[in-house]
Amino acid sequence: MDVKVTVNGETYERDVEPRKLLIHFLRDDLDLTGSHIGCDTGNCGACSVIVDGVLLKSCMMLAVQADGAKIETVEGLARDGELNGLQQAFSDHHALQCGYCTPGMLMSATALLRANPRPSEDEIRKGIQGNLCRCTGYVNIVDAIKAATE
Amino acid sequence: MLLREVEYARPASVQEAVRLLSDQEGARALAGGQTLINVMKARAASPDALVDLNGLDELKGIDLGSDGTVTIGAMVTYSEVIGSAEARARPILGEVCAQIADVQVRNRGTVGGNVCSNDPTNHLPPLMVSLGATMHITGPGGERTVPAEEFFLGVYMTAAGPGELLTRISVPPGKRDGFASVAIGKDGTCIVNAAASVNGGARVALGCVDAVPVLLKTDSVEEDAVRAALQGANLDPPSDVHASADYRRHLAEVVAVRAVAQARGKS
Amino acid sequence: MTETTVTPERPLVVEEGETRPGFIGQNIPRKEDKRLVQGEGVFFDDIKRHEMGFVHFVRSPYAHARIKAVDVAKALELDGVYGTLTGDEVAILTDPFFELSTPPGAHIKDYALAVGKVRHVGDPVAAVVARTRDLARDAAELVEVEYEPLPLVLDGEQALADEVVLHDDAGSNTVWSGTFDWGDFEGAMAEADHVVKIERLHFDRFSSTPLECSGCLVEYNRGTGQWTIYGNHQMPGVGAIWMAPALRVGIDKLRFVSQDIGGGFGNKITLHPQFTACCLLARKLNRPVQWTEWRTDQHTANTHGNERTFLDVTVPVKADGTMLGFSVKAIDDCGAFPRYEPLGCIIWAQVTPGCYRWRNVRVDFTQVCTNKSPVAPNRGYSRMQHLWLTERIVDIVASELGLDPVEVRKKNYVKHEEFPYETPNGCIYDSGDYARCLDIALDLIGYDSLEERRRDAESRGKLFGIGIGSTLDSGTNNFGQSMILNPDLQFSGNNEGATVKLDIFGEVVVTLGTVPQGQGHATTTSQVVADILGCTPDDVNVRAGHDTYWNSTARRPTTSSSPRGRRASRAIPRLRFRSWRSARSSTRTTPGYRKTSTSR
């Protein structure tokens, strides 16, 4: 089926099988490999992207369902190589180690801060509940998101 | 991660969706996909075709009737329930939806999908039973309604049969409701859950202990009465890696008491 | 590269008598972050090659079964399928991977795919390569395998009885066994006022579960006969030692490349069977092949952490609570294949008495195979199981003799004034003040008020538990103990190469052999090099990631931080500080050259 999407402002059109997941479409067909795959059950959140303003896990959506959608991924956060405030805060607060969960974590934090620019710590924790990190223990991630609001 | 081959259709109306579902035996409705797509990834289920209900405005929206009845479209997401002023007329709806999984899943998962998948660990089947909700089903033969307590037929099976669609759920007015669960991690899969509504006596619906929610009605809302009802119910819950049958039976009583206490505490 | 915003404060001793401000120990921004927060990391699954095929393994649904037949015909008929690999082919094309253990474990035959038998659920029986990932899985479902289920053994203690034997070639489930006897345990028993006996303790199997699953992309060059493996093997140097002889080639035929790895924790140390299968497929099909492990595969069939049962623990104790040592029979369950794991039979000996002044220790250690997925050295492996034992011993002794768990620890800890302290088996603990550490920890959690909090919890129907664990770990080592396991094992020394060179714009370029999985090797190495050369970390480009072309072996990350710095520092005398400075100053004065040596 023909799928036309806009990802980070750029338009792509591809012929895809209905069974293809959005995450595989992004990674394998569009070569946007920033979003990752960490599970096959929808638990880990490494594939989180924003589709038409809605944060979701791109491993639980078919690529054909995204036809006509405006998609935002981690690759679209920085502008001309300049990190945005959230990305910089992640670096400043040592909120990443291996960096594998980071793209999904950043997208969840991005969606959180759009909906709630001044979240409490509890709201931050709830906001990244769908994202697993195996390195950091989350404390620094929470600190980074908090710092990005200041 | 890799699904079997599947056809995909995006109907423009509920009528077309029903036609697509009835024309092809192996067709299944795709709601939020937060369960179905995962099951398909595991190849535990492989429908021949998916009929995508996303985009059907007829299945969207939450209405608050003049009598206080809240009517929720089947394709309303958990996040939409949480954010809806209309749904707040029956506060437990948003409170329970906020306990389901995580932001991403709540943004995509739907009320209709939750009840129609009828996984015994789901949150909404016991809730709808305790609330005495009415399920509106559309099929080739037209519309019909089914009380929630008759809607759930077995594991993954409901009264919405092949070729039929759940279109909306009506929840009668009320406020004195509770929900308690023991889950795997915060907001994780339930090991046992219970929903309770208090109106004179209590309606307590238990999840995870049988193929369908187990409804217990008590005349009194006192703790002893709830415990007695649980003990008299002769629950025969399954054992699994998370809980033995005995432990689940014990927890059922604990969460039932908590849910009723929560409901009693509301005015 | 991130600009360093920190000004060095503390002086660094470079050579005797020479000091200057240093970056080591300073909190500087990580060099890795700028790429990673933009999704510009390069993980194995991000790499693509023209016409590459995707590998899917056909896995056993049985924990123990004889393979009667494998038929790939239907899979090959599917349009888009490039080829298959079966255990029979593997048995012809490769030799079994070498075993670290002495007999009986030495006789185990371990191949890239199951040969003759499957020994755990998920044991790969065949592999299929196809044009897409989905097709590969479709085709894998068409491979017909006929199994004859066999009785199975899942428990380490039961495995000792050898009623069900996994490896007929070894003739026993025992991989390795040995008795370690230090001090004078009989003497200690004679001296004891009490003897505490613990019948059985069990340390469960677990998994550290990195967020990125395992995998690789393998290319074969027919001209050179060389494979290039873009993968997330955590210890490619060791992987090559397993793979090359099995593939009947020299180690130079295996080039491992990795940049970013999404966590390792030890789970990615024994990927050689899957990687070998991919090498065979890349050669057979003459095309690049890519294998991505899915999480369900990882949970089911990839490596977990060792399970260990401790039997008949005997602890001689003096009337004042002084413990004189302990004896134990330890049964370590390594799952279906030992692979790296016989090393776990001895690696705990780095911390034999834990934090305690125990002089008499006797450990009767046996490792066995069971019908569960193989284990690998997960996070602090083998020491963790052992240190858990020492803490259980202390708490159980305290409980049985009515002693305070804090006081009994302090009484038995190695004392601050005893450092450097030599353990009964000759390890040197260089420094420490364990009693003070414990006091600080207790203070931080408000230990004095815990009883009160416990009562408060009880009043709310909750239980409140208090647990104390005191551990220490061997930060770095050269694996010399592997010789205890097997005197013929040429496993010691951990050679590693680092090169430091001055490049065209005056930038310092460092290559390392380590395989970082999030530890920030590029950053910390740049600090070491900057201090020695007198430049800043911004001036130092560290090639993060491994490439066999310029690196030698690559080893475990937890033990790599200190030797890595030393390796880099040893490489530096060849690159004189002055030459760096003159080169740099000349580039600065040349119009058109960039101002500072930030990264490209």
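Values in this document were obtained by computation on a predicted structure and should not be read as measured data. (Residues numbered from 1 in each chain as written. Chains lettered and ligands numbered in written order. Predicted model: local features only at pLDDT ≥ 70, side-chain atom pairs only at ≥ 80, totals over all residues. Heavy atoms only, no water.)

Considering the domain arrangement of chain A
Residues and elements named next belong to chain A. Taken as a whole, chain A is organised into domain 1 (2-76) and domain 2 (85-148). The centre of domain 1, based on its C-alpha atoms, is set 21 Å off from the matching centre of domain 2. Listed as interface residues are 16 residues of domain 1 and, on the opposing side, 14 residues of domain 2. Here domain 1 packs against domain 2, burying approximately 1200 Å² in sum over the two surfaces, 59% of which is carbon and sulfur. Of all residues in domain 1, His36, Leu55 and Val74 bury the most surface against domain 2, accounting for 37% of the area lost on that side. Note that Arg114 is salt-bridged to Glu72, the shortest N-O span being 2.5 Å. Every element with two or more residues in the side of domain 1 that touches domain 2 is listed here: strand E3 (48-51) and strand E4 (54-57). (Domains from an automatic or database assignment. Contact = heavy atoms within 4.5 Å. Buried area = accessible area lost by both parts, 1.4 Å probe. Salt bridge = Lys/Arg side-chain N within 4 Å of Asp/Glu carboxyl O. Helix = DSSP H or I, 4+ residues; strand = E, 2+ residues; numbered from the N terminus.)

Some words on the domain arrangement of chain B
For interface size, the figure often reported is the accessible area lost on association. All names here are of chain B. Domain annotation for chain B reports domain 1 (7-52), domain 2 (60-171) and domain 3 (177-264). Of note, the centres of domain 2 and domain 3, computed from C-alpha atoms alone, are 20 Å apart. Across the boundary between the two partners, domain 2 contributes 25 residues, which contact 24 residues of domain 3. Scanning the region where domain 2 abuts domain 3 turns up two salt bridges. With a shortest N-O distance of 3.0 Å, Arg203 and Glu149 are connected by a salt bridge. Inspection of the domain 2/domain 3 interface yields eight residue pairs in polar contact (both at pLDDT 80 or more). Here the side of domain 2 that touches domain 3 is composed, by residue class, of 14 nonpolar, eight polar and three charged. (Polar contact = N/O pair within 3.5 Å; in protein donor to acceptor, adjacent residues only side chain to side chain. Nonpolar A, V, L, I, M, F, W, Y, C, P; charged D, E, K, R; others polar.)

A few points about the interface of chain A and chain C
Listed per partner, the contact involves 35 residues of chain A and 32 residues of chain C. Our count for the chain A to chain C interface comes out at five salt bridges. Here chain A is connected to chain C by 15 residue pairs in polar contact (both at pLDDT 80 or more). Secondary structure elements with two or more residues in the side of chain A that touches chain C: helix H1 (22-29), helix H2 (85-92) and helix H3 (102-115) of chain A. Taken together, the residues of the side of chain A that touches chain C break down into 16 nonpolar, twelve polar and seven charged.

Details of the sheet that holds strand E17 (residues 360-368) of chain C
Residue and element names in this part refer to chain C. Read across the open sheet, the five strands follow the order E9-E17-E16-E15-E10; overall the sheet is mixed. Whereas interior strands pair on both sides, the edge strands pair on one side only; in this sheet they are strand E9 (174-182) and strand E10 (194-203). Each strand axis lies, on average, 5° off the axis of its neighbour in the sheet, ignoring direction. Note that strand E15 (residues 307-317) and strand E16 (residues 325-333) share six bridges and pair antiparallel. Bridge assignment links Thr309 to a residue of E16, and that residue is Ile331. (Pairing = 2+ DSSP bridges. Axes fitted to C-alpha atoms, helices over the stretch in contact; angles between N-to-C directions.)

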